Each structure stands twice: as C-alpha cells, then as structure tokens.
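Notes for the structure review
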2 protein chains.
Amino acid sequence: MENNYERIQNTALRDRVVSAETAASWIGNGMTLGLSGFTRAGDVKAVPFALVNRAESEDFKVNVYTGASLGSDIDKLFAEAGILGKRLPFQADATMRRKLNEGAFHFVDQHLSHTSELIRSNVLDQIDFAILEAVSITEDGFIIPTTSIGNSLVFAQHAKEIIIEINVAQPESLEGIHDLFEPGEQGKRDPIPLTKPEDRIGAKGIQVDLNKVKGIVFTNQMDSPSTIVAPDEETVMIADHLIDFLKQEIEDGRLTKSLAPLQSGIGSVANAVFHGLLNSDFTDLKVYSEVLQDAVFDLIDAGKVQFASCCSITLSEGKMDEVFSNFENYRDKLVLRPQEISNHPEIIRRLGLISINTALEADIYGNINSTHVQGSKMMNGIGGSGDFARNARLGIFVTKSIAKGGKISSIVPYVSHVDHTEHDVDVIVTEQGYADLRGLAPRERVELVIERCAHPMYREQLWDYYNEALTRGGHTPHVLEKALSWHINYAKEGTMLESEKKVGMKV
Amino acid sequence: MENNYERIQNTALRDRVVSAETAASWIGNGMTLGLSGFTRAGDVKAVPFALVNRAESEDFKVNVYTGASLGSDIDKLFAEAGILGKRLPFQADATMRRKLNEGAFHFVDQHLSHTSELIRSNVLDQIDFAILEAVSITEDGFIIPTTSIGNSLVFAQHAKEIIIEINVAQPESLEGIHDLFEPGEQGKRDPIPLTKPEDRIGAKGIQVDLNKVKGIVFTNQMDSPSTIVAPDEETVMIADHLIDFLKQEIEDGRLTKSLAPLQSGIGSVANAVFHGLLNSDFTDLKVYSEVLQDAVFDLIDAGKVQFASCCSITLSEGKMDEVFSNFENYRDKLVLRPQEISNHPEIIRRLGLISINTALEADIYGNINSTHVQGSKMMNGIGGSGDFARNARLGIFVTKSIAKGGKISSIVPYVSHVDHTEHDVDVIVTEQGYADLRGLAPRERVELVIERCAHPMYREQLWDYYNEALTRGGHTPHVLEKALSWHINYAKEGTMLESEKKVGMKV
Ligand SMILES: CC(C)(COP(=O)(O)OP(=O)(O)OC[C@H]1O[C@@H](n2cnc3c(N)ncnc32)[C@H](O)[C@@H]1OP(=O)(O)O)[C@@H](O)C(=O)NCCC(=O)NCCS
Ligand SMILES: CC(C)(COP(=O)(O)OP(=O)(O)OC[C@H]1O[C@@H](n2cnc3c(N)ncnc32)[C@H](O)[C@@H]1OP(=O)(O)O)[C@@H](O)C(=O)NCCC(=O)NCCS
C-alpha cells in the first residue's frame with residue numbers, strides 16, 4: 001500500500017501515521033469503538049482487520065457502534081472472532097445474524113436517527129476510539145469522509161481518541177459533497193435550517209480537536225460492492241403498483257408530477273421501484289434518503305432526478321467505476337449528510353417525504369414486522385424505517401405477498417413482531433396490488449389488505465380468521481388462540497397453508 | 001341563556017347569530033364535522049346537543065373529527081344516538097368505547113399530531129362544518145378559542161363553513177393565552193421557530209375567511225370537570241420511583257435540577273407524578289405537554305413550575321373556579337397551542353422532552369400496549385403518546401404492575417397489541433420500581449423488567465416463560481405457542497396466574 005502523505009494536508013499530523021497493527025494494538029479489552037460505515041460504504045477496513053487478527057492469539061471483547069451495516073466482511077469477521085460485547089445500531093450480515101440470534105453478543109437495534117442523541121447525552125458507554133475512514137485531512141484540520149457519513153461526526157466529537165484511515169482508493173473528487181451539521185444539545189438547539197433536499201447547512205468535513213487524533217493509517221481498498229439483485233417479475237409488479245398509486249395521488253390533486261422528496265430503503269424492491277420511475281411520467285424528482293443505490297444514478301443520468309441527498313452511496317461494482325470516474329457529472333446533484341440529519345424527524349416531516357420501505361410481513365390491520373422472522377429471529381434491524389414511516393407524508397411498505405415458495409404468507413392475521421404500528425402505515429404494496437389504508441378504521445382495512453395485497457392462495461384462510469374474529473368483537477377483532485397459529489404451523493409443519501398442512505397430516 | 005353581543009366585536013358578524021337548533025339543522029346526512037374540544041376542554045356544546053335531539057326523529061350519520069375526547073357527555077350522546085359514521089382521532093368515553101368495540105361506527109385511532117397533516121393534504125374527507133367554541137370574535141376577525149385549541153385551526157381553515165359557539169361561561173380573561181401557528185404545506189414550510197416552551201410564534205386567535213362563518217350560537221356552560229382520581233398508594237409509589245430515576249439522571253450528569261421540559265399524559269398516575277414533584281428538590285421546571293391538570297397549577301403556585309405550554313386545560317371542579325377567578329396569576333405562565341404544535345416531533349426532539357405516559361401492559365422486552373385490552377378491545381386511543389415517546393429525550397411509561405386485583409399482570413411475556421415498540425421505550429416504572437432500558441439488548445432488558453417492574457406474584461411465571469423461550473433462541477426469544485397464553489388464560493379462567501388457574505381447575 002502506498003502512503004500518500006499529500007492527503008494529510010495538515011502537515012502537523014503527518015507524524016501520526018502508523019501501521020494498522022499499531023493502531024489496533026491500542027484497543028484494549030472492554031473498550032467501545034465508533035466505526036465509520038453505513039450500508040457497506042465508507043467503512044474503515046485496515047484497523048478492524050488488524051483487530052480481528054489480534055483475536056487469534058488474544059482474548060478480548062469490544063463494543064462496536066457504527067452508522068449501519070459494514071462492508072468488507074467486517075461484521076462477519078468480528079462475529080466469527082467472538083470479540084463483540086455490544087453491537088449497534090444495525091447490521092445485515094448472515095454470520096453476524098446467526099451469532100446474535102444465538103445470543104453470542106448483545107445487539108441493540110435502534111432507530112438510526114437515535115444513536116447520536118444517546119451518545120451526545122452520555123446514555124451509551126463513552127467511545128474510546130472513533131475509527132473513521134477519510135479521503136483526506138485538510139490543511140484547516142477537517143477530516144473529509146468518503147462514501148458515507150453515518151454517525152462519524154458524533155463519534156469523532158464524543159470519542160476520547162480518534163484513529164483515521166485515509167483510503168487512497170477513494171477518489172479525492174469526493175471532497176466537497178459532504179455537509180456536516182451538528183444540531184447541538186437537546187434543549188439548547190436551534191431549528192435545523194434545511195427546507196429543501198439540496199440545502200447545504202454545515203461544514204465540508206468533520207472538525208475535531210486534532211489533539212485527539214492518535215493515529216493515521218493508510219489503506220487502499222474500495223468499498224464492497226452492493227449485493228443488489230436485479231428486478232424480478234414480482235418486484236417489477238410491486239414497482240408498477242406503487243407507481244399506479246402515485247399516479248392516482250396526482251389525479252386526486254394530492255401530488256404533482258414532481259411528487260415529493262423520495263426515500264427508499266435498500267434492497268432489490270427499492271431498486272426496482274426506482275427503476276420503474278425511469279419510464280414514468282414523473283419529472284424533476286428529488287431524493288432525500290439514506291442510501292443511494294444504482295438506480296438513483298440512472299435516474300440522474302436520465303434527467304429524472306434533479307438532486308439526491310443521502311448519508312451513503314452503495315453501488316454495484318460496475319456502477320461504482322462508472323460513477324466515480326465521472327464524478328464531476330454528479331457532484332452538484334449530490335450531498336452526503338450525517339444519518340442524524342438524513343433521518344431526522346424534523347426534516348422528514350417538514351419536507352413531507354414519500355417513504356418506501358420493505359416489510360417481512362404485514363397483518364390484516366396494517367401492522368408491520370420488518371425485523372423478526374417468526375417473532376424471534378432478527379433479520380437485520382429496524383434501520384431508518386421507523387424514522388421515516390412515522391414522520392413521512394406517506395409511509396409506504398412493500399413486500400412480496402408470499403415467501404419460501406408460498407409456504408409463508410407475508411400477509412398474516414397477526415404479525416409475530418411489530419416494528420411499525422397501524423398508525424404509521426399508510427400504504428401496503430405487494431405484487432398483487434396496493435392497499436391505501438389512510439384514514440381507515442381497522443375493520444375497514446381488512447378487505448383492502450386481503451383482497452389487494454394477500455396472495456390468492458391465502459385469501460380464504462385470512463377471511464376465515466377474520467370472520468371468526470368478528471364473532472369475538474372489538475375495535476381490532478382477533479382470535480387470540482389462533483392469532484399466531486400461522487407462524488406456529490410454519491414452525492411445526494413447514495407451511496402456513498391449512499390445506500397443505502392437512503394433506504401433510506394425512507400422509 | 002344570555003346573548004352577549006359584546007363578545008362579537010366584529011359587528012358585521014352580529015347578524016349571524018342563530019339558535020343551536022337552526023345551526024344543527026344545516027347539518028346533513030353524511031356530512032363531516034370538525035369539532036373543537038380536547039380532553040373535556042373547550043368543546044362545543046349547544047350544536048352537538050341540538051344534533052343529538054334531531055336524531056330522535058331523523059335518521060342520519062355524520063363523521064366527527066375532534067381534537068381529542070369531548071366533555072359534556074357529547075361522545076356518549078353521539079354514540080347512543082347512533083349518528084356516527086366515522087370518529088377520530090381519540091375518545092375516552094365508556095359508552096362510546098362499548099359501541100365502537102361492537103363495530104357500531106368506525107373509529108380511527110391516530111397520533112394526535114397527524115390529523116392536521118391528513119386534513120391539510122386532503123387525505124381525509126373534507127370537513128363540511130367546523131364547529132368551534134370561542135370566548136369571543138375580535139374586531140379584526142380572530143376567533144378566540146376557550147380552554148383548548150386542539151385541531152380547531154386546521155378545521156377552520158379547511159372546512160367549507162364554520163359555526164362558532166360563543167360560550168359566555170368561559171372568562172374573557174382567556175384572551176391572550178393562545179398562540180396559533182400554522183406550519184403550512186409540507187415541502188413548502190419553514191422550520192417552526194420555537195426553541196423554548198414559552199416562545200410565542202403565532203397569532204392570538206384563529207383567522208379565517210369570515211364569509212365562511214355561517215352561524216354564531218351563544219352558550220353558557222362551563223367545561224366538564226376532569227374526572228381525576230386522587231393519588232393512591234400505588235400511584236404515589238410510581239411517582240416516587242420515577243423521581244428516584246430522575247434524581248439518578250442528575251447524579252449521572254445527564255440532567256440538571258431543572259430537568260427538561262416535562263410532558264405528562266392525563267389520568268391519575270400522571271397527576272400523582274406531578275404532585276410528587278411538589279416535594280422534590282427540582283426547581284425552575286417547565287412543562288411542554290398536551291393537557292394541564294390540577295397538579296401543574298399547584299406547581300406554578302409553589303414556584304416549582306416557571307412556565308407551561310399545552311393545548312388544553314382540564315381541571316377538577318374546585319380547581320377550575322380557583323384558576324379562572326385568579327387567572328391574572330397564571331396568564332404570563334401559560335400558553336395554549338394547536339395540538340399539531342404541542343405534539344410536533346420537530347419540537348419534542350428539539351426541546352428534548354421528558355415524556356411520561358401510561359401503559360395498559362408492557363412485555364418483558366419493553367414493548368408497550370396503551371390501547372387494546374386483550375389485543376382487541378379499544379380503551380381510548382394512542383393519543384399523543386406516540387408523538388411524544390418516539391421523539392422525546394426520555395420515553396417513560398408508567399403502569400401499575402397488576403390490574404383487576406391481581407388477576408391481570410401488566411407485565412406479560414408478549415403484549416397483546418403494540419403501540420410503542422422497544423425502540424421507543426426508555427424507562428418503565430411500576431409501583432415495584434423502575435427499569436432503565438436505554439442502550440440494552442432484548443436479553444439484557446428481561447431481568448430488569450421482571451425484577452424491578454413485575455409484581456412478585458408473577459415473577460416466577462415470567463422467568464419460566466423466558467427460560468423456556470431461551471431454549472428456542474433468537475434475538476428476542478419467544479415461545480410462540482405460549483406467547484399469548486396469559487391473555488388466553490385470563491379470557492378463559494379469569495386470571496393470568498398459573499397457580500390460581502390450576503387451583504380453579506381442581507375445584
Ligand atoms: C425486511 C427486509 C429484511 C427485506 O429484505 P429484502 O432483501 O428486500 O427481501 P427478501 O424478499 O429478499 O427477503 C429476505 C429474506 O427474508 C425471507 N422472508 C421474507 N418474508 C418473510 C416472512 N414473512 N417470514 C419469514 N421470512 C421471510 C425471504 O425468504 C428471504 O430469505 P432468504 O434470505 O433466506 O432468501 C429488509 O428490507 C430489511 O432489513 N428492512 C428493515 C430495515 C429497513 O427498512 N431499512 C431501510 C430503510 S432504512
Ligand atoms: C393506558 C390508559 C388507558 C391508562 O389509564 P389510567 O386511567 O391511568 O389507568 P388505570 O390503571 O386506571 O386503568 C384503566 C382501566 O384499565 C384496566 N387495566 C389496566 N391494565 C390493564 C391490563 N393490562 N389489561 C386489561 N385491563 C387493564 C384497569 O383495571 C382499569 O379498568 P376499569 O376502568 O375497569 O377500572 C390511559 O393512560 C390511556 O388511554 N393511554 C393512551 C393515551 C395516552 O397515553 N394519552 C396520554 C398522552 S397523550
């Protein structure tokens with residue numbers, strides 16, 4: 001690896017350059033680390049690897065706070081090495097998932113806008129080391145982040161010491177697209193002066209007491225590419241229904257052709273929806289989201305999206321090359337913010353976002369489970385979906401109507417875990433259609449959810465449940481003995497489908 | 001009743017005075033009404049009564065939107081008369097509760113800050129008549145509300161026509177304590193310029209196109225007094241534990257003696273907590289809440305509370321006399337705002353409120369049910385508790401550890417309905433103690449909730465459940481077949497207690 005001292009423009013800091021091994025050696029048992037990184041973008045790489053190596057010959061544990069999920073297999077390696085005490089606020093790695101579900105370490109699943117407040121107000125353990133990836137350190141002492149900001153600002157401000165990883169693989173052209181705003185202490189803060197997605201309200205980088213910078217490490221490794229899956233038949237249908245809904249909103253005079261700033265979760269459905277916008281009549285769109293995926297850049301290229309605000313850029317391999325080698329085309333159309341600002345209820349409500357997130361399952365009354373498979377097993381975490389859905393103009397949840405080849409219905413009588421209550425869920429979309437639940441009482445929602453969202457193979461079974469529930473009465477009728485029976489059947493018989501189950505039993 | 005034309009200072013409007021019967025006669029079948037009124041305060045009285053009278057000889061239905069619950073038995077009379085199509089966003093009347101649980105009309109349970117957005121963006125049916133209680137109409141055409149503001153501003157702005165009830169029983173000294181701020185359309189609005197509970201940011205009253213005022217009715221009837229219950233042994237213990245927690249926060253350097261602006265739900269526990277503050281060391285307190293109850297005025301009298309912002313004042317009979325006959329003592333320490341502003345996520349987060357609300361039940365992982373008895377039967381509604389808990393500095397939930405003489409444990413393995421997810425619940429307090437859940441993973445929370453909050457009679461049974469759940473694994477371990485068994489047992493056997501149940505079965 002090439003040490004590029006030019007990237008440390010503040011020359012006083014140049015003598016702090018150390019190897020990743022040296023930096024990792026400073027980390028003691030029981031310490032708390034704040035790592036840059038959000039959805040595989042902008043994560044520190046070398047120091048975590050060195051730390052994992054230390055675990056081969058040493059017993060220790062650290063708490064790891066991040067922006068969101070890390071790339072470069074770091075979450076996997078940390079989980080395998082068994083060095084985690086507490087991990088927060090989000091993850092998305094299969095090995096980490098397995099380990100945390102075994103209770104191997106404590107995972108704290110938080111709203112992504114909340115972590116910074118808990119750090120600022122000293123509720124969480126103080127961070128010993130903030131370890132932050134940077135493009136460069138400017139002469140005036142700003143740390144310039146790379147492809148994500150995440151929680152890096154609050155980590156840097158509140159950590160006892162800071163380690164910087166200057167990643168020479170990250171293009172210097174990234175300098176200038178960050179906007180670091182610190183809201184200040186609760187009770188003493190002013191309004192956040194942002195009224196449009198494109199507003200710049202903060203600094204070009206992270207400003208810290210440079211005495212806290214204990215070491216600087218050079219790295220030379222691109223972000224992990226996104227693991228995005230191309231649109232399939234169902235996700236295209238979901239996108240089409242969602243676009244139909246938005247068109248109807250225009251027809252009803254509630255939206256214009258430029259819609260409202262869009263937020264979209266990550267994953268294939270989200271990407272498919274944005275792809276769908278390419279061929280739509282919508283124009284002059286803006287994005288105010290967490291993560292920008294490939295499709296947003298296609299929309300910028302097509303002139304559909306005017307501006308995109310985010311807290312991280314996560315691209316597939318090809319797209320990464322394309323975007324970063326033509327970065328001048330995008331520079332004035334992008335801004336990266338701390339996740340506290342990208343996900344801030346104040347901004348989300350003010351801008352009136354259209355928020356699109358993915359559910360694991362929804363119930364007939366519109367409650368959403370985004371996180372817990374069968375009520376217990378954590379998938380990834382709530383992420384920013386709660387920040388957005390609660391405060392947006394439109395809280396839209398998308399999901400395929402069935403999973404596991406139809407053995408699971410994603411529309412159930414009673415979700416096995418609630419992340420988003422009926423109060424926060426405006427519209428549910430599956431490949432079957434969309435259900436607009438706004439302003440409806442629970443009993444009014446049932447028909448829409450069953451007839452427009454559930455897979456036909458499960459509709460009768462859902463009606464059977466609801467009709468029996470009606471005999472019990474109540475605002476939100478349920479048959480408590482059967483409420484979770486679909487999940488219990490799946491666990492025992494491998495299917496939620498009654499008819500299959502009976503057939504199975506006959507054999 | 002005395003018509004006091006002096007209260008219609010805008011003389012051009014004086015010829016619009018009509019009887020309540022005439023005003024009620026304008027209301028047609030299928031219309032949507034927006035009524036003033038929030039937690040028994042400031043509700044219109046005469047026109048609703050006249051409408052109920054019409055129902056004796058006529059078949060019709062209306063949709064009724066309010067601020068929150070109405071007083072003067074209007075919710076009861078509407079429910080009994082069978083004239084409701086849809087009712088939103090909150091209610092708290094026993095008869096209305098029974099009827100809506102029978103499905104007699106559609107009740108839409110909403111976050112109290114959300115209704116205004118849904119009206120402003122034309123998602124809900126347009127309001128035909130806003131019917132608003134007023135102290136007076138000023139010469140410059142402002143409608144001065146009485147003891148609550150609720151949703152009156154947005155109702156007045158978006159209704160086709162307006163009926164004003166001037167209530168001469170409401171003292172004119174109320175003029176000047178209101179602060180009506182309209183945030184404007186989402187996407188086009190500025191930050192809400194409020195940074196302290198005492199900031200005044202709006203107008204003295206509701207300004208509307210006076211051509212929309214179709215009629216003015218005089219009334220002379222005080223608000224219904226609050227039905228507050230005096231602190232009992234348990235609520236005093238809850239208050240004591242809560243105060244211990246706040247003291248600990250001061251000791252840990254996270255709060256000062258003036259705490260942070262306080263929000264408290266209504267009801268006896270909330271009132272007991274505020275009573276508890278009277279004898280505490282806390283000083284220079286501020287309140288930023290929805291409803292002010294008796295105890296806040298005692299705290300103002302004692303010099304403990306410097307300022308209180310609210311959207312309604314609901315007092316007991318004696319306190320009402322006392323406060324309104326000495327109103328000059330309180331005038332500069334109070335402000336009434338629209339519920340959109342009292343409950344606005346932007347303000348709640350900025351001020352860093354300490355938010356205290358009451359739960360029906362909590363589970364061992366910290367999920368809260370505030371609304372649905374046994375998962376189905378609506379109690380009142382979520383009210384503002386979600387606006388507050390999600391965005392506050394501290395989302396605190398209080399409940400007695402048992403209900404119905406111990407037949408029900410308010411701490412259960414799995415709540416039968418979720419209003420507040422574990423992500424929004426910071427602290428749970430019962431008469432047994434408090435559990436500070438901040439920054440803890442689900443498995444870390446269980447011991448605190450069981451040992452500090454559950455009633456001793458249920459602790460072993462909770463541990464039994466959790467220990468079995470642990471054998472199943474997962475981030476949030478559950479035994480799905482038994483998750484709702486406590487509620488099912490209560491429904492079938494009249495108790496959640498296993499030992500009693502078995503005894504019962506032996507007999
Ligand atoms: C909900 C979430 C897991 C869906 O992810 P996705 O990749 O779009 O969805 P998929 O349909 O591919 O499903 C993922 C897996 O869950 C399984 N699944 C889907 N629905 C399921 C259900 N109801 N029950 C059990 N498993 C289910 C799928 O079969 C698939 O399993 P596999 O990995 O073994 O193939 C993901 O969006 C998420 O983590 N959301 C929460 C955070 C969030 O919203 N972030 C965005 C805003 S910040
Ligand atoms: C939750 C809520 C109903 C509690 O009300 P409360 O009057 O303080 O509490 P109580 O302990 O007196 O309980 C009220 C009733 O519920 C019953 N109850 C309490 N816990 C119960 C449980 N776990 N299961 C079933 N019933 C329960 C009580 O026995 C009592 O019944 P009764 O009316 O037949 O005597 C009330 O606070 C509420 O509606 N909250 C939601 C809205 C809100 O938070 N608003 C404030 C902020 S805006």
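Residues numbered from 1 in each chain as written. Chains lettered and ligands numbered in written order. Predicted model: local features only at pLDDT ≥ 70, side-chain atom pairs only at ≥ 80, totals over all residues. Heavy atoms only, no water.

Quick note on the threshold: UniProt positions are given in the numbering used here, feature names are shortened, and annotations may be inferred rather than shown by experiment.
Going by an unreviewed UniProt entry, chain A carries the name Acetyl-CoA hydrolase/transferase family protein and comes from Exobacillus caeni. What UniProt states about chain A under its Sequence similarities (unreviewed entry) heading is, verbatim, "Belongs to the acetyl-CoA hydrolase/transferase family."

Let's talk about the overall build of chain A
Our working definition: In DSSP terms, a helix is any run of H or I states spanning at least four residues, a strand is any run of E spanning at least two, and both are numbered starting from the N terminus. We compute the radius of gyration from the C-alpha atoms alone; for a globule the expected value is 2.2 Å times N to the 0.38, where N is the number of residues. In what follows, residue pairs with any heavy atoms lying within 4.5 Å of each other are defined as contacts. Computed with the Shrake-Rupley method and a 1.4 Å probe, the accessible areas treat only the protein chains shown as cover for residues. When charges are tallied, Lys and Arg are placed among the positive residues and Asp and Glu among the negative ones, while His and the ends of the chain are skipped. To locate a charge, take atom NZ for lysine, CZ for arginine, CG for aspartate or CD for glutamate.
The secondary structure content of chain A amounts to 18 helices and 27 strands. Computed over its C-alpha atoms, the radius of gyration of chain A comes to 23 Å, within 12% of the 23 Å expected for a compact globule of 507 residues. With respect to the three principal axes, the spread of C-alpha positions in chain A is 75 × 55 × 45 Å. Considering only contacts within chain A whose residues lie at least 6 apart along the sequence, 73% involve residues at least 24 apart. A total of about 16400 Å² of accessible surface is found on chain A, and carbon and sulfur atoms cover 46% of it. Once the 50 positive and 72 negative side-chain charges of chain A are each reduced to a mean point, those two points are 3 Å apart.

Here we look at the sheet that holds strand β19 (residues 368–369) of chain A
Residues and elements named next belong to chain A. For the record, the criterion: Here the rule is simple: two strands pair whenever DSSP picks up at least two bridges between them.
Sheet architecture is open: three strands sit in the order β19-β18-β25, paired in mixed fashion. Single-partner strands in this sheet number two, and they are β19 and β25 (411–412). Here strand β18 (residues 361–363) runs beside β19; their pairing, made up of two bridges, is antiparallel. Paired with Ala 362 across the strands is Ile 368, a residue of β19.

What about the site of ligand 1?
Residue and element names in this part refer to chain A. Our working definition: Residues are labelled near a given molecule or strand when at least one of their non-hydrogen atoms is within 4 Å of it. Pairs of N or O atoms are called polar contacts if they sit within 3.5 Å, as long as, within protein, a hydrogen donor faces a hydrogen acceptor (for residues adjacent in sequence, only side-chain-to-side-chain pairs).
By nearness alone, 20 residues border ligand 1, and Glu 290, Asn 357, Leu 360, Asn 380 and Lys 404 come closest of all. Note that an oxygen atom of ligand 1 is positioned 2.6 Å from one of the side-chain N or O atoms of Asn 380. Separating an oxygen atom of ligand 1 from a side-chain N or O atom of Lys 404 is a distance of 2.8 Å. For ligand 1, the protein covers 73% of the area, taking 960 Å² as the surface of the free molecule.

A word on the relation of the copies chain A and chain B
Applicable threshold: Least squares is the method used to superpose the copies, on C-alpha atoms of residues holding a pLDDT of at least 70 in both.
Overlaying chain A with chain B gives an RMSD of 0.0 Å, the required rotation being 180° about an axis along which the chain moves by 0.0 Å. Accordingly, the operation relating the two chain copies is best matched by a two-fold axis. Of every C-alpha in chain A, the one belonging to Glu 346 of chain A sits nearest the axis of rotation, 2.1 Å from it. Most of the interface of chain A is mirrored in chain B, where 100% of its interface residues again form contacts.

Focus on the packing of helix α14 (residues 442–453) of chain A against helix α15 (residues 456–472) of chain A
All names here are of chain A. Note the following rule: Lines fitted to C-alpha atoms define the axes here, with helix axes fitted over just the stretch in contact, and angles between the N-to-C directions of these axes take values from 0 to 180 degrees. Roughly parallel covers angles under 35 degrees, roughly antiparallel covers those over 145, roughly perpendicular covers 65 to 115, and oblique covers all other angles. The crossing is said to be left-handed when, going from far helix to near helix, the turn is anticlockwise and less than a right angle, and right-handed when the turn is clockwise.
With their axes 10 Å apart at the nearest point, α14 and α15 run at an angle of 165° to one another. When the axis of α14 is compared with that of α15, the two are roughly antiparallel. For the pair α14 and α15, the crossing hand works out as left-handed. Here α14 contributes Arg 443, Val 446, Glu 447, Ile 450 and Glu 451 to the contact with α15, which in turn contributes Arg 459, Leu 462, Trp 463, Tyr 466 and Leu 470.

Considering the packing of aromatic side chains
To keep it simple, the criterion reads: Pairing of aromatic rings covers Phe, Tyr and Trp, the last counted by its six-membered ring, and requires centre-to-centre distances within 6.5 Å; plane angles under 30 degrees mean stacked, over 60 mean edge-to-face, and any other angle means tilted. Residue exposure (1.4 Å probe, protein chains only): buried if accessible area is under 20% of the type maximum, exposed if over 50%, otherwise partly exposed. The rule is short: NZ of Lys or CZ of Arg within 6 Å of the ring centre and within 35 degrees of the ring normal puts a charge over the ring.
The final tally for this structure, using the stated rule, is 16 aromatic pairs over all chains. Here the aromatic rings of Phe 297 of chain B and Tyr 330 of chain B are separated by 5.2 Å at their centres, their planes lie at 80°, and the arrangement is edge-to-face. Note that Phe 297 of chain B is positioned in helix α9 (residues 294–301) and Tyr 330 of chain B in the loop between α10 (317–325) and β16 (334–336), a separation of 33 residues in sequence. Of the two residues, Phe 297 of chain B and Tyr 330 of chain B, neither departs from the other in class, the shared state being buried. Through a chain of ring-to-ring contacts, the aromatic side chains of Tyr 365, Trp 463 and Tyr 466 of chain A assemble into a single cluster. Sitting above the plane of the Phe 60 of chain A ring, Arg 54 of chain A keeps its charged end 4.8 Å from the centroid. Above the face of the Trp 26 of chain A ring, Lys 214 of chain A is positioned so that its terminal group lies 4.9 Å from the ring centre.

Details of unusual backbone geometry
Pro 89 of chain A follows Leu 88 of chain A through a cis peptide bond whose omega is 0°. In this structure, Asp 284 of chain B takes a positive phi of about 55° despite not being glycine. Along the chain, Asp 284 of chain B turns up in the loop between α8 (268–278) and β12 (285–288). Owing to a relative accessible area of 41%, Asp 284 of chain B belongs among the partly exposed residues under this scheme.

A word on the domain arrangement of chain A
Residues and elements named next belong to chain A. What counts is decided by this rule: Domain delimitation in this document rests on an assignment produced automatically or drawn from a domain database. For any pair of parts, buried area is found by adding up, for both, the accessible area (1.4 Å probe) each one loses once the two are put together. We define a salt bridge as a contact between a side-chain nitrogen of Lys or Arg and a carboxyl oxygen of Asp or Glu at a distance within 4 Å. The nonpolar class holds Ala, Val, Leu, Ile, Met, Phe, Trp, Tyr, Cys and Pro. Asp, Glu, Lys and Arg form the charged class, and all remaining residues, Gly among them, are polar.
On domain assignment, one finds that chain A holds domain 1 (4–219) and domain 2 (233–493). Of note, the centres of domain 1 and domain 2, computed from C-alpha atoms alone, are 29 Å apart. Across the contact, 50 residues belong to domain 1 and 44 residues belong to domain 2. Across the interface of domain 1 and domain 2, roughly 3700 Å² is buried in total on both sides, 58% from carbon and sulfur atoms. Of all residues in domain 1, Ile 177, Ile 192 and Pro 197 give up the largest surface area on contact with domain 2, accounting jointly for 18% of the area buried on that side. Put simply, domain 1 and domain 2 have three salt bridges between them. Across the salt bridge formed by Arg 120 and Glu 340, the nearest N and O atoms sit 2.8 Å from each other. Linking domain 1 to domain 2 there are 30 residue pairs in polar contact (both at pLDDT 80 or more). At the level of elements, α4 (94–101) and α5 (115–120) are the ones that each hand at least two residues to the side of domain 1 that touches domain 2. Per-class residue counts for the side of domain 1 that touches domain 2 are 20 nonpolar, 18 polar and 12 charged.

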